[in-house]
Amino acid sequence: TILHDLGRIAESSAAYERALSLDPGNAEALNNLAVNRLRGGKFGHALRGFLGAAGSDPTLGNLVRRNIGAV
């Protein structure tokens, strides 16, 4: 998230993708990658990412619902 906060979205996305290659069910990485995609205007990809995050970790339900509302 440091890269994201610095506005280095491409590098941030690459880091989340690397994390997902090691742990495909990493809900935090799925959600954060979806946030980056939403910011890039990739609404369909963002929505799928948010839904995947919620499926991987139901405790993220409130966060995911807010993010889906943003889509």
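Residues numbered from 1 in each chain as written. Predicted model: local features only at pLDDT ≥ 70, side-chain atom pairs only at ≥ 80, totals over all residues. Heavy atoms only, no water.

Visitor: Would you mind going over the side chain of serine 13 with me for this structure?
Guide: For serine 13, the position within the fold is in helix α2 (residues 9–22). For serine 13, a relative accessible area of 13% translates into the label buried. (Helix = DSSP H or I, 4+ residues; strand = E, 2+ residues; numbered from the N terminus. Buried < 20%, exposed > 50% of the residue type's maximum accessible area, 1.4 Å probe, protein only.)

Visitor: For this particular structure, what's the right way to read the pattern of salt bridges?
Guide: Where side chains of opposite charge bring their charged atoms close, a pairing between them can arise. Counted under the stated rule, the structure contains 2 salt bridges. Ionic pairing is found between glutamate 11 and arginine 8, a salt bridge with its closest N-O pair at 2.7 Å. Residue classification places glutamate 11 among the partly exposed positions, given a relative accessible area of 40%. Residue arginine 8 is classed as partly exposed on the basis of its relative accessible area, which comes to 38%. Ionic pairing is found between glutamate 17 and arginine 37, a salt bridge with its closest N-O pair at 3.7 Å. Here glutamate 17, found in helix α2, pairs with arginine 37, found in helix α3 (residues 27–39); they are 20 residues apart in sequence, far enough to count as distant. (Salt bridge = Lys/Arg side-chain N within 4 Å of Asp/Glu carboxyl O.)

Purely geometric stuff here, so don't read any function into it on its own.
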